[in-house]
Amino acid sequence: MSAVGELLIALVIVIGLVGTIVPMLPGPSLVLAAIVIWALFVGGWAWAVVAGAAVLIVGAAVLKYLVAGRSMKRSGISNRTVLIGGLAGIVGFFVIPVIGLPIGFLAGAFVAEWARDQDVRAGWRGAIAALRAAGVAILIELTASLFAAAGWLTGAIAI
């Protein structure tokens, strides 16, 4: 692959990493897609890099739900709270671009927990627990995406 092609792949991977932190792009999917496109052009051992990246990213997708779900259950947060927070986050994203997503998620989770328990403190406790679980999920995805990117970089240098 040419140097320009490698730079384009690297750019898409960086955009994917940013999309993992700022949930407006499908970050890990972009990272994996860029690595697959790179392997299509390079071939050979590049497919081993794709396999490693796929295991990391798919494994992180499963792990984030398991860890976040367990954290939410431990905190006494219902799935309904997460659903309402997620929907409010989507609305918030369109009302206040980019920063509206976390603000909407937090507000939605607060309202859901407050409505369930009729207690403001319980609402805030639930909202913070939901936000913490979302943060852990982002951290898991970011870690997997960084390892996949490092694998690609190693493969790009070696191949």
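Computed from a predicted model, the values in this text were never measured in an experiment.

Asks: Describe in detail the overall build of the protein, supporting the description with residues and values.
Replies: When helices and strands are tallied, the protein shows 6 helices and 0 strands. Along the protein, from the amino end to the carboxyl end, the secondary structure elements read α-α-α-α-α-α. C-alpha extents for the protein along the principal axes are approximately 60 × 30 × 15 Å. Taking the intrachain contacts of the protein between residues at least 6 apart in sequence as the baseline, contacts between residues at least 24 apart amount to 58%. Charge-centre separation for the protein: the mean point of 9 positive side chains lies 9 Å from the mean point of 5 negative side chains.

Asks: Which residues make up helix α6 (residues 120-158), and what values go with them?
Replies: When the terminal C-alpha atoms of α6 are compared, their 57 Å separation across 39 residues agrees well with the 57 Å that a helix rising 1.5 Å per residue should span. Among the residues of α6, the N-terminal cap falls to Asp119, whose side-chain oxygen and the backbone nitrogen of Arg121 are separated by 3.4 Å.

Asks: Could you give an account of the UniProt feature "transmembrane region" (unreviewed entry) in the protein, with specific residues and numbers?
Replies: Listed under "transmembrane region" (unreviewed entry) in the UniProt record, and renumbered for this structure, are residues 7-25, 31-63, 83-110 and 130-153. Measuring from the first to the last C-alpha atom of residues 83-110 gives 12 Å, for a span that is 86% helix and 0% strand.

Asks: Just give me the short version of the packing of aromatic side chains, but keep the residues and values in it.
Replies: One pass over the structure, following the stated rule, counts 3 aromatic pairs. With centroids separated by 6.4 Å and ring planes inclined at 80°, the aromatic side chains of Trp38 and Trp152 adopt a geometry described as edge-to-face. Of this pair, Trp38 sits in helix α2 (residues 27-42) while Trp152 sits in helix α6, placing them 114 residues apart in sequence. Given the relative accessible area of 7%, Trp152 is considered buried. Each ring, one from Phe110 and one from Trp124, has its centre 4.7 Å from the other, and the planes form 35°; the classification is tilted. With a gap of 14 residues between them, Phe110 in helix α5 (residues 100-117) and Trp124 in helix α6 connect regions that are remote in the sequence. Among the residues examined, Phe110 registers a relative accessible area of 18% and is labelled buried. Assessed through its relative accessible area of 44%, Trp124 is described here as partly exposed.

What counts, and at which threshold
Residues numbered from 1 in each chain as written. Predicted model: local features only at pLDDT ≥ 70, side-chain atom pairs only at ≥ 80, totals over all residues. Heavy atoms only, no water. Helix = DSSP H or I, 4+ residues; strand = E, 2+ residues; numbered from the N terminus. Contact = heavy atoms within 4.5 Å. Lys, Arg positive; Asp, Glu negative; His and termini not counted. Charge placed at Lys NZ, Arg CZ, Asp CG, Glu CD. Expected span 1.5 Å × (residues − 1). Polar contact = N/O pair within 3.5 Å; in protein donor to acceptor, adjacent residues only side chain to side chain. UniProt positions renumbered as here; feature names shortened; annotations may be inferred. Phe/Tyr/Trp six-rings, centres within 6.5 Å; stacked < 30°, edge-to-face > 60°. Buried < 20%, exposed > 50% of the residue type's maximum accessible area, 1.4 Å probe, protein only.

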